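Structural characterization, general
In case you want the letters, here they are:
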Amino acid sequence: MELEGYRRIGGKIGVRNHVLFLATVVCSNTIVRGIATAWSDVVGIENNAGCVALADDQKFNHDMLLGLARNPNVGAVVFVGLGCEQAPAKDLFRELEGEKPVAYVHIQEEGGTSKTLEKCHILAKQFIEEIRNKSKETFGMDELIIATKCGGSDWTTTIASNPAVGIVSDRVVQAGGTSLMGETAGWFGAEEALLRRVRNEQTKLDILRLLHGKYDESERRGTKIEEANPTPGNIAGGITTLAEKAMGTIKKSGESPIEGVLSIGEYPRHPGLWLMDNPGMDIGSISGMAGAGAQIILFTTGRGTPAGSPICPVIKISASPQGMKLMGENIDVDISDIITDGASIVSGADRIEIAIQKVIKGQLTRSELLGHREFIMPQMGVL
Amino acid sequence: MASVLRLNDDDNVVIALRPLSQGEMVGKNGLTIAIRSAIPVGHKVAINRIPKGEPVIKFGQTIGYASEDIQPGEHVHVQNVIDPVKNWKDQHPLTRDERK
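The sections below set out a description of the structure shown in this document. (Residues numbered from 1 in each chain as written. Chains lettered and ligands numbered in written order. Predicted model: local features only at pLDDT ≥ 70, side-chain atom pairs only at ≥ 80, totals over all residues. Heavy atoms only, no water.)

Overview of the overall build of chain A
Within chain A, the secondary structure is distributed over 16 helices and 14 strands. Rg of the C-alpha trace for chain A: 20 Å, near the compact-globule value of 21 Å for 383 residues, within the 12% margin. For chain A, the C-alpha atoms occupy an extent of roughly 60 × 45 × 40 Å along the three principal directions. Per-residue burial for chain A yields a buried fraction of 60% across its 383 residues. Of the contacts made within chain A by residues no fewer than 6 positions apart, 71% connect residues no fewer than 24 positions apart. Here chain A has roughly 14200 Å² of accessible surface; of this, 51% comes from carbon and sulfur atoms. For chain A, the separation between the mean place of its 39 positive charges and that of its 47 negative charges on side chains is 2 Å. (Helix = DSSP H or I, 4+ residues; strand = E, 2+ residues; numbered from the N terminus. Rg over C-alpha atoms; globule rule 2.2 N^0.38 Å. Buried < 20%, exposed > 50% of the residue type's maximum accessible area, 1.4 Å probe, protein only. Contact = heavy atoms within 4.5 Å. Areas by Shrake-Rupley, 256 points an atom, 1.4 Å probe, with all protein chains shown as cover. Lys, Arg positive; Asp, Glu negative; His and termini not counted. Charge placed at Lys NZ, Arg CZ, Asp CG, Glu CD.)

Here it is, written out as structure tokens:
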């Protein structure tokens, strides 16, 4: 596959060229919303956290903010802070300086909402002008970074769309590229299959540690993983055991060896397939993927979901005839003929690959077209 | 339209792609099975005999164990399959040192 993207300082390549206004704390959201609404060439990320958090959430917030700003789909970034938050905009600015056009504002230093908005409008105009004529260059699959996710799943997801995405993931990895899979809680029941594929003992330990952490936290809050799964809805849909549910979920990762496990906001250290710790909840999960440097997210769905990301094109894939009928507007790749006409899973993978090429060339995904730019800062205590 | 989907050559179950009725003959490529009871869409049907205690294989992976002898054409679900995960934590222990 020959692809085209925007080369960043430091070498990473993006498939979009966004000017991003990023709230480092919930207090800055009104400013970010104001700028993103006023300028069609600006995307905004509002923050649901960012202050008075315990150490682990504090770290997630810092690492995610930096990870989002570093995402190669972002051409320029403005950190918008209040001035007294836990990850001050100024500190993030200093960490990112030199990597791409970056600025920061503190509402308290500017002297309130109106003056901050005024400054942000100037910064928006300046950055849009600075990056809008950036030319694209070609790159190969070895520089591609995809992330895989399933949501609004039904019986077709696990048997058709997830296996098709798994084939695409393997092809990307075999071509020297990178694939990320998250949804930590979805690994319960398929851990043996994952542990068999690890590159080293440390990764094995990392996977088990993560799962034990989630298990204990879940139990402390009154739910045993194996008692809550499969859910009554899963069973009605034909899922018999936790292992079956989990095997269907991890099909998205194909069969490639697992290089390691990334924490929230952490970037893969080299190409290959990586597991990432992130929530199962759709928006939290794709937000985490954007914060780990994914260029494109492959999202399988049965029932259909409109979910999108402010900075990553999310390619929606469905093999569900019912889902296509009801939610076709939100689906990019229809592979329901695997179910209705006996089309092969490989043919599904081929069509997903073509969609990736088109989207990288600039074609908008349905979620981009329809304005879906959801985001949530992943936090502890959310499965 | 195909009636069932077999995901892996090692699988001893297939997935119903539409609701299947008792007595119906389904299959392709030389594999034909008589459906023994109504199968809802998305559910599993045995294509081989699965003796009690033997693995139920889907995606080429063990997803559970037969809790009784299962005949070809039978609905394979919670009524005749044991979930191998009973107490996850005991089954995947970490030593005190490993827990960090």
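Remarks on the sheet that holds strand 9 (residues 81-82) of chain B
Spatial strand order, 6-7-9 (chain B): 3 strands in an open sheet with antiparallel pairing. The open sheet has two edge strands with one neighbour each: strand 6 (55-58) and strand 9 of chain B. (Pairing = 2+ DSSP bridges.)

Quick notes on the interface of chain A and chain B
By a frequent convention, interface size equals the accessible area lost on bringing the separate parts together. Counting from both sides, the interface comprises 38 residues of chain A and, opposite them, 36 residues of chain B. Approximately 3000 Å² of surface area, both sides summed, lies buried where chain A meets chain B, with 63% of it carried by carbon and sulfur atoms. The three residues of chain A that bury the most area against chain B are Arg209, His212 and Thr240 of chain A, which together make up 20% of that side's buried surface. The tally of links from chain A across to chain B stands at 3 salt bridges. Among the ionic pairs, glutamate 244 of chain A bridges to lysine 44 of chain B, the shortest N-O distance being 2.9 Å. (Buried area = accessible area lost by both parts, 1.4 Å probe. Salt bridge = Lys/Arg side-chain N within 4 Å of Asp/Glu carboxyl O.)

Digging into the packing of helix 6 (residues 155-174) of chain A against helix 15 (residues 345-361) of chain A
All names here are of chain A. Their axes nearest at 8 Å, the elements helix 6 and helix 15 cross at an angle of 60 degrees. The angle between helix 6 and helix 15 places the two elements in the oblique class. Like other packed secondary-structure pairs, helix 6 and helix 15 cross with a definite hand, here right-handed. Within the contact between the two elements, helix 6 uses Ile159, Ala160, Pro163, Ala164, Val165, Ile167, Val168 and Arg171 and helix 15 uses Ile345, Val346, Gly348, Ala349, Asp350, Ile352, Glu353 and Ile356. Grouping the constituent residues of the contact of helix 6 with helix 15 by class yields 12 nonpolar, 1 polar and 3 charged. (Axes fitted to C-alpha atoms, helices over the stretch in contact; angles between N-to-C directions. Parallel < 35°, antiparallel > 145°, perpendicular 65-115°, else oblique. Left-handed = near helix turned anticlockwise from the far one by under 90°. Nonpolar A, V, L, I, M, F, W, Y, C, P; charged D, E, K, R; others polar.)

Focus on the layout of surface pockets
Residues and elements named next belong to chain A. When its volume is computed, the largest pocket comes out at roughly 790 Å³. Looking at the largest pocket, it is lined by 35 residues, and the ones nearest its centre are Ser153, Asn229, Asn234, Lys245 and Thr249. Breaking the lining of the largest pocket down by element, the ones donating at least two residues are strand 8 (145-150), helix 6, helix 9 (225-228), helix 10 (232-236) and helix 11 (242-250). Broken down by element, the residue count for the lining of the largest pocket peaks at 4 residues, all from helix 11. Residues belonging to the lining of the largest pocket are distributed by class as follows: 12 nonpolar, 16 polar and 7 charged. (1 Å grid on protein atoms, 1.4 Å probe; cavity = no way out; pocket = protein on both sides within 12 Å on 5 of 7 lines; lining within 4 Å. Points joined across faces, edges and corners; volume = space filled by probe spheres on them.)

Regarding the nonpolar core
Inside soluble globular proteins, nonpolar side chains tend to come together where they are buried. Formed by 41 residues in total, the largest nonpolar core has its most connected members in Leu22, Val77, Phe79 and Leu180 of chain A. Counting residues per element, this core draws most heavily on helix 2 (residues 55-70) of chain A, which supplies 6 residues. Two domains each provide a minimum of three residues to this core, namely domain 1 (18-132) and domain 2 (140-369) of chain A. Once you skip the residues sitting within four places of it in the chain, valine 77 of chain A turns out to touch Leu20, Leu22, Ala69, Leu96, Lys100, Pro101, Val102, Ala103 and Phe127 of chain A. Counting 34 residues, the second-largest nonpolar core is a separate cluster that includes Leu144 and Val359 of chain A together with Ile15 and Leu17 of chain B. (Core = buried A, V, L, I, M, F, W, Y, C linked by side-chain atoms within 4.5 Å. Domains from an automatic or database assignment.)

Points about the pairing of strand 12 (residues 296-300) of chain A
Residues and elements named next belong to chain A. The element strand 12 is extensively covered by neighbouring structure, given that 5 of its 5 residues are classed as buried. Judged by which residues are buried, strand 12 turns out to be covered on both faces: Ile296, Leu298 and Thr300 on one side and Ile297 and Phe299 on the other are all buried. Pairing between strand 8 and strand 12: 5 bridges, direction parallel. Paired with cysteine 150 across the strands is threonine 300, a residue of strand 12. Taken together, the 4 bridges between strand 12 and strand 13 (residues 314-318) define a ladder with parallel strand orientation. Bridging from a neighbouring strand, threonine 300 pairs with isoleucine 317 of strand 13.

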